[in-house]
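Chain by chain, the residues:
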Amino acid sequence: MLEPTNDKAGHVEEIHWPSLVAAIASVSAVGIAIGLGLPLLSIILEKRGIPSTLIGLNTAMMGIAAMLAAVITTKLAHRFGVVQTMIWAVILSALSSLGFYYAENLLLWFPLRIIFHGSTTTLFILSEFWINAASPPSKRGFVLGLYSTVFSLGFAAGPLLFSLVGSEGLMPFVIGACIILAAAIPIFIARNESPLVDEKPELHFVRYIFLVPTATAAVFVFGAVTVGGGSLFTSYATRLGFNESQAALLLTVMGVGNFVFQIPLGLLADRMRDKRPLLSIMAIIGFVGALLLPSLSSNWIILATILLFWGGCVSGMYTVGLSHLGTRLTGVDLVAANAAFVFCYAIGMVLGPPTIGTAMDLANPSGFAWAVAFFFGLYVLLSGIRLLFMGNRG
């Protein structure tokens, strides 16, 4: 098992590269498979004549599955170990991904979604715990920025792969399952490097949500804005008068911002003992950027420039929030808090799309910007209150 040199707070003092390579490689492979699966499954249901409402409802099982997995993952890791839990998660996600091809009845797709996304969520929780545990505080932001960058590349490669293999036949599902199974290889190679979860968490799961609220609130906003804003931004842009190609390119610019800024923001976080001011600054930029969207909608270049930095700040809240979590906690508390972190992301993922969609129906099209600003504004208010009145707590 992993036995690095630890400081007095229980953090490792040097980057443990075998662990990091294993965790980052495995979760990136899963990212490719998810990036392939999301458009693949939607297209197949559409070809079968399934109404969009039911397609959306089935897709929403992602968030439900993530919340369920977040609650039980720490217990599984404590009972069976990190590596064994991750290997079983790989197997279940690969088998369930094949199950979508053979399941003709839509009702079967709901439990398959739960199994698939629950298993992949378990992989994310334990991979991020592994990465955090193997990173010294002075370099944790850089490592998590690297992780976010590599995962973004993997997730972006999924749709590209879909464009090459299409949606016909068994082959796309076999490719996806094989990619997922490949995630087990680096996990198995580094099996003796994995961190221990040798005791049960001291607190109830819900308590970990509020133990480091600056981090868990950041990932809630990230989930709401990335999933809600990402899924509805194309509609928003076309309502502003841009054509579909221009709207898609704007969304791509946001993706470039997500990719480009993660390592620089991680390096910046490493230079800050307290990460909370950086999280607050990114939320303020997100808030102001959202408010500016309606007034700048007539100029594509200016809008694209704002979205580039805005996209970086949105994703930076995940990277820096996760770094802040790792700075505050170690051991079993860290894996439990990481599960709570993902749980809050799932809540944002569930609440973001309907909130932003309803706002667009009530105030077309500016409701999109107002709803996104609302999420960022909540975080600015929370983080400001905690910085002013709560001192170093959370």
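Residues numbered from 1 in each chain as written. Predicted model: local features only at pLDDT ≥ 70, side-chain atom pairs only at ≥ 80, totals over all residues. Heavy atoms only, no water.

Draft legend 1. Geometry of the environment of Val-380. Inspection of the secondary structure assignment puts Val-380 in helix H16 (residues 367–389). Overall, the relative accessible area of 26% leaves Val-380 in the partly exposed class. What Val-380 contacts, discounting residues up to four positions off in sequence, is Ala-283 and Ile-284. (Helix = DSSP H or I, 4+ residues; strand = E, 2+ residues; numbered from the N terminus. Buried < 20%, exposed > 50% of the residue type's maximum accessible area, 1.4 Å probe, protein only. Contact = heavy atoms within 4.5 Å.)

Draft legend 2. Molecular detail of the packing of helix H13 (residues 276–292) against helix H14 (residues 300–328). Where H13 contacts H14, the two axes come as close as 9 Å, and the packing angle between them is 155°. When the axes of H13 and H14 are compared, the pair comes out roughly antiparallel. Note that H13 runs across H14; the crossing there is left-handed. Note on element contacts: H14 touches H13 through Ile-306, Trp-310, Cys-313, Gly-316, Met-317, Val-320, Gly-321, His-324 and Arg-328, opposite Arg-276, Leu-278, Leu-279, Met-282, Ala-283, Ile-285, Gly-286, Gly-289, Ala-290 and Leu-292. (Axes fitted to C-alpha atoms, helices over the stretch in contact; angles between N-to-C directions. Parallel < 35°, antiparallel > 145°, perpendicular 65-115°, else oblique. Left-handed = near helix turned anticlockwise from the far one by under 90°.)

Draft legend 3. Expanded view of the domain arrangement of the protein. Here the domain parsing of the protein yields domain 1 (16–197) and domain 2 (201–389). Inter-centroid distance (C-alpha atoms) of domain 1 to domain 2 is 22 Å. Listed by partner, the interface residues are 28 residues for domain 1 and 27 residues for domain 2. Taken together, both faces of the contact between domain 1 and domain 2 bury some 2400 Å²; the carbon and sulfur share is 74%. For the pair domain 1 and domain 2, the number of links is zero salt bridges. (Domains from an automatic or database assignment. Buried area = accessible area lost by both parts, 1.4 Å probe. Salt bridge = Lys/Arg side-chain N within 4 Å of Asp/Glu carboxyl O.)

Draft legend 4. Spotlight on the packing of aromatic side chains. For the structure on display, the rule yields 14 aromatic pairs. Ring centres of Phe-100 and Phe-116 lie 6.3 Å apart, and the angle between their planes is 80°; this geometry places the pair in the edge-to-face category. Of this pair, Phe-100 sits in helix H4 (residues 82–102) while Phe-116 is found in helix H5 (residues 106–133), placing the two residues 16 residues apart along the sequence. A cation over an aromatic ring shows up here: Arg-191 above the ring of Phe-188, its NZ or CZ 4.0 Å from the ring centre. (Phe/Tyr/Trp six-rings, centres within 6.5 Å; stacked < 30°, edge-to-face > 60°. Lys NZ or Arg CZ within 6 Å of the ring centre and 35° of its normal.)

Draft legend 5. Spotlight on the side chain of Thr-149. Inspection of the secondary structure puts Thr-149 in helix H6 (residues 140–165). Only 2.8 Å separates the side chain of Thr-149 from the backbone oxygen of Gly-145, close enough to count as a polar contact. Ignoring anything within four residues of it in the chain, the contact list for Thr-149 reads Phe-259, Gln-262 and Ile-263. (Polar contact = N/O pair within 3.5 Å; in protein donor to acceptor, adjacent residues only side chain to side chain.)

Draft legend 6. Up close: the nonpolar core. Counting 124 residues, the largest nonpolar core has Trp-130, Phe-368 and Phe-376 as the members making the most contacts within it. Of all the elements, helix H15 (residues 331–362) adds the most residues to this core, at 16 residues. (Core = buried A, V, L, I, M, F, W, Y, C linked by side-chain atoms within 4.5 Å.)

Draft legend 7. Up close: H15. Taking 1.5 Å per residue, 32 residues should reach 46 Å; H15 reaches 47 Å between its end C-alpha atoms and fits that length. Along H15, the sharpest kink reaches roughly 30°, centred on Leu-351 and followed within four residues by the proline Pro-353. (Expected span 1.5 Å × (residues − 1). Bend = angle between axes of the 7 residues up to and from the residue.)

Draft legend 8. Representation of the pattern of salt bridges in the model. On inspection of all chains with the given rule, the structure shows two salt bridges. Across the salt bridge formed by Glu-168 and Lys-47, the nearest N and O atoms sit 2.7 Å from each other. Placement of Glu-168 in the loop between H6 and helix H7 (171–182) and of Lys-47 in helix H1 (residues 17–47) is noted, with a sequence separation of 121 residues between them. Comparing Glu-168 with Lys-47 shows no difference in burial state: the two are exposed. One salt bridge connects Arg-276 with Asp-274, and the closest N-O pair in it is separated by 2.9 Å. Given a relative accessible area of 3%, Arg-276 falls into the buried group. With relative accessibility at 22%, the residue Asp-274 sits in the partly exposed group.

Draft legend 9. Quick peek at H1. Its 31 residues give H1 an end-to-end C-alpha distance of 45 Å, which sits within 8% of 45 Å, the value for a rise of 1.5 Å per residue. Positive backbone phi, at 80°, marks Gly-49, one or two positions downstream of H1.

Draft legend 10. Structural detail: the environment of Leu-293. Relative to the helices and strands, Leu-293 is located in the loop between H13 and H14. By relative accessible area, which is 1% here, Leu-293 ends up buried. C-alpha of Leu-293 to C-alpha of Ile-32: the two residues are 261 residues apart in sequence and 31 Å apart in space. If near-sequence neighbours (up to four positions away) are discounted, Leu-293 is found in contact with Tyr-236, Leu-303, Leu-307, Phe-368 and Ala-369.

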